[in-house]
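# Overview (structure and organization)
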Amino acid sequence: MVLSLHRHAREREMENVHLAVEEEDLYSGYNDYNPTFDSEELENDVGFQQAVRTSHGRRPPMTAKIPGTAIGARPLATSFGARVPVASSMGRPMTGAVQDGAARPMTAVRAAGYTSSMTRGSTFDPLGQSRGPAAPLEAKNEDTPEEKIKILEKKVNELIEESCMAQSTGALQLALEKAKEAGRKERTLVRHREKSGNGDHINLDLTYSVLLNLANQYANNEMFPEALNSYQVIVRNKMFSNAGRLKVNMANIYVRQKSYPKAIKFYRMALDQISNAHKEMRIKIMQNIGVVFVRMGQYSDAITSFEHIMSESPNVKTGFNLILCYYAIGDRERMKKAFQKLISVPLGVDDEDKYIPSSDESDSELVIEAIKNDKLHQMERDLKVLAEKYIMTAAKLIAPAIETSFATGFDWCVDMVKSSQYVELANDLEINKAISYLRQKDFNQAVETLKTFEKKDSRVKSAAATNLSFLYFLEKDYEQADRYADLAMTADRYNPAALINKGNTVFIKQDHEKAAEFYKEALRNDSSCTEALYNLGLTYKRLNRLEEALDCFLKLHAILRNSAQVMYQLTTLYELLEDPQQAIEWLIQVLSVTHTDPRALAKLGELYDGEGDKSQALQYYYESFRYFPSNMDVIEWLGAYYIETHFCEKAIQYFERATLIQPAQVKWQLMVASCYRRSGNYQKALETYKDIHRRFPENVECLRFLVRLCTDMGLKDVQEYATKLKKAEKMKEIREQRVKAGREGSARSRREGREGSAEADVKAGERMKAASSSLWFPVCANALRPFVISLLLSSRCSDSFLAALPVCSSAGASRHLSPPPDSGRDAGHGNTKGERLSAKMRSLPGSNEPYEANSPKEIDASYVDPLGPQTERPKTGAKKRVEGDDFADEELGDDLLPE
């Protein structure tokens, strides 16, 4: 039985043995591939496309143990054929499928989510979601003392943070309120701890933070007593460690209160409580002590503190303060030593060469580009600029004091700087030396010093040439200014100051377009150059390009918010653009900056007067007169205003002021007399007219007023003034006739010169000979021109000279015989000499009528009131006025009465 079974088993094994055929390829089958991994035919795979379009592919696969199910041993045909017996909807073989009823093989690793006891109908739930949501968390009980304490601590910390944030934004009052509220909350927290029995577990750090923040906020709001009390609470509490440092804060408050002895006391107490391990803090406290000694005037004690600092930890600020102290006591040698210490202070700043990228390594270039403008490099630049500022200031301060002369002291400073790490400052010191010469009014030395830079490097050469150009421009030597401006531009084309100076020299030559180009180039090089922008606006204004000028000054106003000059230019531009309301608004802004500018006040009064607002105009004109009582335009407007409003008494004071300013102008004195006459004070008016006649005996208007007043008042001086009036009228007519003859001669010479008549030339030569024989003047026309001009403008020329006055034949000479155009500039006042002459020209005889000097004529005693026609007085009385002649008994000649 055993043998049969063994034989049977061997037969079974032999059935499974396959003998290799010699013709069979050993490497066959390597080109066979699983169609599951063929991605090129996925578009034709129906199962895969269905899984993509729907959620069919996301369903969990079912593991079937029972044959005959949907995922059993039945083969699933795909587009790749039926080579794989079982496949999923995506074409991959099923791992849990049962084939031919065989049991699933056991594996060493159990798959997640699968169990051996899985039966039909069970769901796949690896995360246990079928059990429902988790139970809600248990709510905290905020009524417990521990929770209340934690909430209060959190609230106190939040209030401290809010207080600090408010202080950083500048809201000091809000920061103080938050600090006070934090203090109240902290005291509430302490009481809660004591009630709950946790008094021993007080949070000292939180209490310290609350008190310190409260003291700081009191100090920031300048509530110094409260701040000192808060600091005292912290300092006296032995439970707070390192509280002694806060005495520095208390000393700072005493310094702000100018209690310097107390400040020094607290600084020294803080210094005693700080160990030597904190070296930098001790140095800063000693520096504060030295500064307080300086404020007290105790320079020797300050020097002791500063010298200790310079020996332990030197810095530029302390070195500069030490120089100031030596300068205050006048110690020359120690000033020199302190200056040498100052320029030898190590800054701890790396060389600028490390920020220059090398051409080999690209990574280093990226790093250098990143750190070139970072905050650390900016801090290094600021420290270097500060050190250079202190050195320059110290050199300018001690240069006149350390040697017998200013130049020798400056040369010593320059030599010391050249041998230090600040070599580049030597040239700047030389330029400052020249500027110091300018401040001493020694222009020649300044120019000589600046000229020494012509052979230096480009930067210093450009700066020196710019200053030279400015100096020559101030001296109105525009050729030298232009030359040095070109030299500065050649040395440094990107120097905006040189471009501005060049534009100024071109502007003086009236080439405004070219000047504007130089100003624009300066702005392109430095967009913040306010001088170039201002000059460009003035240039556009001169070119009558008002809109562009307005744009320039508006940009400049955005940079210089409180510049009165810029706002006044905007006022004038809006006035030229015929926008008076905008002009008034800008002028009011000017007055908000300069409250007492009389010109701006007068201009604002003029604008309001143009708008018809007399009351506002009166207010600003009066303010202008109050600050500057010598402006003739303002005085004239105020006098005219009071005359117009029938307050002649008030107008008198303004015209009297004008008389003091211009005593040679008769019109102001005539106006004073007219004001007296209009106000009814005839006696004072008569005295004023007599005084005017004594000063100006040939004034016709004054004599007419005297004749009229004496006639009305029945005085005996009528005949005397009438005779004088007759003579004055006669002399006036003679002068006007001479002026007319001179004008006709000049017009005739121009006409004859244009025609080119030979006969006119002969007659002109004869007249020249007659003039040379009667007057001892040369015949040359060019020599006669200045005399002709001056005599035509004079009102007292002799009869004989005008009778023999030659008529020049050349067009150039005749052009000089006419009055200059500026002779009638003051015609608007109504009483100038040129206007009176032109007014009388119409009353003279014609050009063809002979002139007779002794022709009898009636006296013209009529007058024109310089204040205008007087308004009639209103009839307030009930009594009817009797028409009659008050002077019926007087016997007066016809020639004494006005026409």
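Quantities reported herein were computed from a predicted structural model and do not represent experimental measurements.

### Here we look at helix H16 (residues 425-439)
- Here H16 is 15 residues long and its end C-alpha atoms lie 21 Å apart, about the 21 Å a rise of 1.5 Å per residue gives.
- Counted residue by residue, H16 has 11 buried out of 15 residues, so it is predominantly covered.
- Residues of H16 that are buried: Leu425, Ala426, Asn427, Leu429, Glu430, Ile431, Asn432, Lys433, Ala434, Ser436 and Tyr437.

### Describing the UniProt feature "repeat: TPR" (unreviewed entry) in the chain
- According to UniProt, the feature "repeat: TPR" (unreviewed entry) maps to residues 283-316, 530-563, 598-631 and 632-665 in the numbering used here.
- The straight-line gap between the two end C-alpha atoms of residues 598-631 is 9 Å; of that span, 79% is helix and 0% is strand.
- End C-alpha to end C-alpha, residues 632-665 measures 12 Å, and it is 79% helix and 0% strand.

### Regarding the packing of aromatic side chains
- A complete count under the given rule lists 15 aromatic pairs for this structure.
- Between Phe473 and Tyr478 the ring centres are 5.4 Å apart and the planes differ by 65 degrees, which places this aromatic pair in the edge-to-face class.
- Centroid distance Tyr608 to Tyr620: 5.7 Å. Interplanar angle 5 degrees. Geometry classified as stacked. Here the residue Tyr608 occupies a position in helix H26 (residues 598-610), and Tyr620 occupies one in helix H27 (residues 614-627), the gap between them amounting to 12 residues.
- When its relative accessible area of 16% is taken as the criterion, Tyr620 is described as buried.
- Joined through ring pairs, the aromatic side chains of Tyr621, Phe625, Trp637, Tyr641, Tyr642 and Tyr654 make up one cluster.
- Looking at Arg483, its charged tip hangs above the ring of Tyr484, at a distance of 4.4 Å from the centre.
- The ring centre of Phe647 lies 5.4 Å from the NZ or CZ of Lys650, which sits over that ring.

### Details of a nonpolar patch on the surface
- A contiguous nonpolar surface patch, about 250 Å² in accessible area, is contributed by Tyr682, Met713 and Leu715.
- One can find Leu715 in the loop between helix H32 (700-713) and helix H33 (718-755).
- Given a relative accessible area of 30%, Leu715 falls into the partly exposed group.

### A word on the pattern of salt bridges
- Enumeration according to the criterion identifies 24 salt bridges in this entry.
- A salt bridge links Arg334 to Glu307; its shortest N-O distance comes to 3.0 Å. Of the two residues, Arg334 is situated in helix H12 (residues 332-343) and Glu307 in helix H10 (residues 299-312); the sequence distance between them amounts to 27 residues.
- On the accessibility criterion, Arg334 (32% relative accessible area) is partly exposed.
- One salt bridge in this structure joins Glu403 and Lys336, with 2.9 Å as the shortest N-O distance.

Cut-offs and rules
- Residues numbered from 1 in each chain as written.
- Predicted model: local features only at pLDDT ≥ 70, side-chain atom pairs only at ≥ 80, totals over all residues.
- Heavy atoms only, no water.
- Helix = DSSP H or I, 4+ residues; strand = E, 2+ residues; numbered from the N terminus.
- Expected span 1.5 Å × (residues − 1).
- Buried < 20%, exposed > 50% of the residue type's maximum accessible area, 1.4 Å probe, protein only.
- UniProt positions renumbered as here; feature names shortened; annotations may be inferred.
- Phe/Tyr/Trp six-rings, centres within 6.5 Å; stacked < 30°, edge-to-face > 60°.
- Lys NZ or Arg CZ within 6 Å of the ring centre and 35° of its normal.
- Patch = residues over 30% accessible without salt bridge, like charges linked within 9 Å, V, L, I, M, F, W, Y side chains within 5 Å.
- Areas by Shrake-Rupley, 256 points an atom, 1.4 Å probe, with all protein chains shown as cover.
- Salt bridge = Lys/Arg side-chain N within 4 Å of Asp/Glu carboxyl O.

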